[in-house]
Amino acid sequence: MIEKGKISALQMGILMYHAIIATGILFIPSTVYEAAKQDIWISPIWACPLGLLSVYIAYKLHTLYPNNTIIQYSEHILGTLLGKLLGFVLLLLLYTSASVMIWQYGEFVVSEFLPHTPKFVIIGMMVLLCAFAVHGGLEVIGRLAEMVVPIFFLLFFIIIILLLPDIEIKRMLPVMENGMMPSIKGSVTLYTWFAQFGIIYFFLPFLTNREKGMKSGMFSVLIVTFTLMLTNIIIILVFGNVTENFNAPLMSATRYISIAEFLSHLEALVMAIWLAGTFIKICVFYYAVVLGTAQWLNLSNYHSLVLPVGLLIGVFGMQAFLNSAEAAEHFRIVSQGFMDTLVYGVIIPMFLFFVAYIRKLRIFKQKGRRER
Amino acid sequence: MRCTKVIYFIGIIFFLLTGCWDRKETNDLWVVTGVGLDQTKGGEVEVTVEIHSPSGNEGDGAGGEGNQAGGNKTILQTGKGVSIPKAIEDLDTKLPREILWSHTEAIVINKELAETGIREELDFFIRHPEPRLRSYVFISEGNAKDIMALLPPLERSSSEVLIELAKSEILMKVTLFDLMEMLKGESGASILPMIDILPPEEGKQPLETIAYINRSAILEHGRMIGTITDRLTRGVLWFRNEIKESTVTVKPEEADGLISMKLIKGRTELIPKIDGNQLKMTVKVETIDDVIQNKTNWDLKNMEKHKMLEKELAQKIEMRLTDTLEMVQKEMEVDIIDFGETFRQKHPDKWKSIKRDWKERFPSVEVTFEIKASVLRTGQGSIP
Amino acid sequence: MKGIYILSITAVVLLIFIYQWPKIESTKVKEKVAFATITIIGWVASIIYIVFPYSTSPAKIVDFILIKLKNIILALFS
């Protein structure tokens, strides 16, 4: 076993919660608004089943191969050569995904807070920090996530409560102006986030209480849905039709808070939430990439790969997109439903699951024939 | 082994010491409290910043005009350019310190600039991460620079006067965010407070006065097309359900004097109705007032007189609303009273066809009033 | 300027080597090869980006492939 640490099912759920929500609460409202208009709060409901599906498939595969991660059982299912190939594709997608996350982090910090700081310093610091956490192993990341969660919820609810004086119900009206379609269209963008739940196939083998893995994953999906709905509702009630004019509406909304003229400029709160969440998110993907690479190469230990992989995703993260127009192009492709996360989170596991199922069926039939 | 550890340690220290790129020391900053935007004769933009100078720092260190009268400690500086950023660049060359925009709370736009369009100019304030969405926006009759140059007798700076005036909500109060929302709204019409310089009292310096809000400017698609008086502005506030302060004076026909009442609570509800091809709007107003002056010989505690007074009040409010409607709907034909938005919210499916020619159909909306006015109290006593 | 960047990234890579190399047990050849390969890929990639700052990135390549796939799928169904 390459990873000696164990995490509980609850810790895994929290880990996944952070991995999805960290970037989600900031960028989802404005990206979804383009399609869904004032119905953005309905969209998470439509996207939620995809999250449940990816958790379900990952868990089903896990029950077939309880001690292996996807990199290992793809070889069992498809044979060594095809399995290695599939694992390679999967790893490439994960590398890309991790680098895009790091890019997002760097871009946001530079554009909102530190406009003159070179990006490689911001990204380098984050990658170094994550490298320490990943080097510590899954247990360390799991505990970190568990530690962050109360602070996260406290700050999140403080922001929501402080925004209450500025809400106006009529900004949400009319509900479903053009029927269901806009909110369903808006939910396509959300698939990017919900498909990332598929990554639990890297964590399920390391649970202390495996039978609770699915329950905890599903619960995490539901809490994510709820958090996104709450964020979207509050954003639409505060900003209404102006939502799409902000890159990160929650950030702008927190800037907008002003209670009795002295409680204002609270954007540091959002930044704290977001930094903690993004740190966990990058750790989760960084860890998955490192573990996956080590397993793909059949190494006995993944620790030696932490720093090189960090260098790699850091460099690719620096250069993922050169300017905001390229990034917008990327997110436009994503909002049409063509996204890498969907491929590695849902499509590949689903494919593996069907192949495994068919093979099992055949083995079962052969057995039956023999018995006859 | 120890050697590698030392090298590693030094490497990390180098990395960590790269912080502090974006530090800003307060004594390297100038805090801008108000911005004035003017259009010069040559079509350029002139940006005037009002900088609050901390006391002790005598405020004239920098070639700006030091305003030292009374308790005022502000510095004015202007820059010109083809666009706001260019003008600010020009401004930067005249300022020894960096400008901090995050405390900019008043944005004054002069009338000429507003007539050519404010949307493009305000874009700067939205894109820049520092200025706040809660800054108040005004349109000035004369040059914004002249308004910024005033030395109010009590407040610290001219922009502070404007902020306090806006906050009192007697007339329009529009923040940058409200303006964004109006610009993006269904009708594309917006309304902004209009300010003018109050003539100084006799014997005072010509600059020792304040700017005050006396009218409202009406904009369509970001271009100013006209103004309405303060009385009609209150009518618009009634329609928009934003009325906070209002005094109504009635002169009952049977009585021989005036009775003044002060608004305690006012609530407006717009109820749209689509009747075939005809658009109808019922304006439901509920208001509670207190009597503050009675110059008649009426005994207001008399039930009958009380009823009559409430009726008078309702009539007076209706008159004001009708006048507003006449001006806004029939003359200017600009939907600043949220009719379009209300139709959209109540009849989203039919709105799509109405929206196309809303500009033509808005003047033909039939409006009926349902006003329920009640007078609750008559003050703590009365003159014998 | 580019020289300084190349030097500093090389220094970072060297630091990684100095830190990590002694920690890998000498018997494990495969680990050493994997570690060296990935580090060198990272180093080469960063040098490429420093010399040609406008070269493409994995994220854009994946996007490109996805668009191609989309066109193929659309062609199949139409």
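Every value quoted in this text rests on a predicted model; they were computed, and no experiment measured them.

**Student:** What am I meant to see in the interface of chain A and chain C here?
**Tutor:** A common way to express how large an interface is: the accessible area buried when the components associate. With 26 residues of chain A at the contact, the number on the chain C side is 25 residues. Put simply, the parts of the chain that give the side of chain A that touches chain C at least two residues each are α4 (80-112), α11 (306-318) and α12 (324-335) of chain A. Residues belonging to the side of chain A that touches chain C are distributed by class as follows: 18 nonpolar, seven polar and one charged.

**Student:** Hey, could you run me through the domain arrangement of chain B in this one?
**Tutor:** Residue and element names in this part refer to chain B. Here chain B is partitioned into domain 1 (25-229) and domain 2 (246-384). Relative placement of domain 1 and domain 2: their C-alpha centres are 34 Å apart. Residue composition of the side of domain 1 that touches domain 2, grouped by class: five nonpolar, four polar and two charged.

**Student:** Please explain helix α6 (residues 158-167) of chain B as it appears in this structure.
**Tutor:** Residues and elements named next belong to chain B. The buried fraction of α6 is high, at eight of ten residues. The complete set of buried residues in α6 reads S158, S159, E160, V161, L162, I163, L165 and A166. One or two steps after α6, the chain reaches E169, where phi turns positive at roughly 60°.

**Student:** Looking at this structure, how should I read unusual backbone geometry?
**Tutor:** For residues besides glycine, phi is generally negative; the peptide bonds are generally trans as well. Despite not being glycine, A:N298 shows a phi value in the positive range, around 55°. With respect to the helices and strands, the residue A:N298 is situated in the loop between α10 (267-296) and α11. Here B:D338, not a glycine, exhibits a phi torsion of approximately 65°, which is positive. Tracing the backbone shows B:D338 in the loop between α9 (303-332) and α10 (339-346).

**Student:** Got a minute to help me understand the nonpolar core in this structure?
**Tutor:** Side chains of a nonpolar character, in soluble globular proteins, are inclined to be buried together. If you look at the biggest cluster of nonpolar residues, it comprises 236 residues, and the most contacted ones within it are A:I200, A:I280, A:I282, A:C283, A:Y286 and A:V290. Built from parts of two domains, this core gets at least three residues from each of domain 1 (25-229) and domain 2 (246-384) of chain B. Not counting residues within four places of it along the chain, the set of residues in contact with A:V290 comprises A:V134, A:Y302, A:L305, A:V306 and A:V309.

**Student:** Would you mind going over the packing of helix α1 (residues 9-36) of chain A against helix α6 (residues 138-163) of chain A with me for this structure?
**Tutor:** For any two helices packed against each other, the geometry comes down to the angle between their axes and how far apart the axes lie. All names here are of chain A. Their axes nearest at 9 Å, the elements α1 and α6 cross at an angle of 70°. Put simply, α1 runs roughly perpendicular to α6. On α6, the residues touching Q11, I14, L15 and H18 of α1 are I141, G142, A145, E146, V148 and V149. By residue class, the composition of the contact of α1 with α6 is six nonpolar, three polar and one charged.

**Student:** Is there a simple way to explain the sheet that holds strand β12 (residues 259-275) of chain B in this structure?
**Tutor:** For sheets, the rule is that strands pair by backbone hydrogen bonds, running either parallel or antiparallel. Residues and elements named next belong to chain B. In spatial order, the strands read β11-β12-β13-β14; together these four strands make up an open sheet with mixed pairing. Edge positions in the sheet fall to β11 (247-250) and β14 (366-377), since each has one partner strand and no second. The average undirected angle you get between the axes of adjacent strands in this sheet is 35°. Across the sheet, α10 touches β12 and β13 (278-294), and the angle it forms with β12 is around 50°.

Rules used in this analysis
- Residues numbered from 1 in each chain as written.
- Chains lettered and ligands numbered in written order.
- Predicted model: local features only at pLDDT ≥ 70, side-chain atom pairs only at ≥ 80, totals over all residues.
- Contact = placed C-beta atoms within 7 Å.
- Helix = DSSP H or I, 4+ residues; strand = E, 2+ residues; numbered from the N terminus.
- Nonpolar A, V, L, I, M, F, W, Y, C, P; charged D, E, K, R; others polar.
- Domains from an automatic or database assignment.
- Buried ≥ 20, exposed ≤ 12 C-beta atoms within 10 Å, placed from the backbone.
- Core = buried A, V, L, I, M, F, W, Y, C linked by C-beta atoms within 7 Å.
- Axes fitted to C-alpha atoms, helices over the stretch in contact; angles between N-to-C directions.
- Parallel < 35°, antiparallel > 145°, perpendicular 65-115°, else oblique.
- Pairing = 2+ DSSP bridges.

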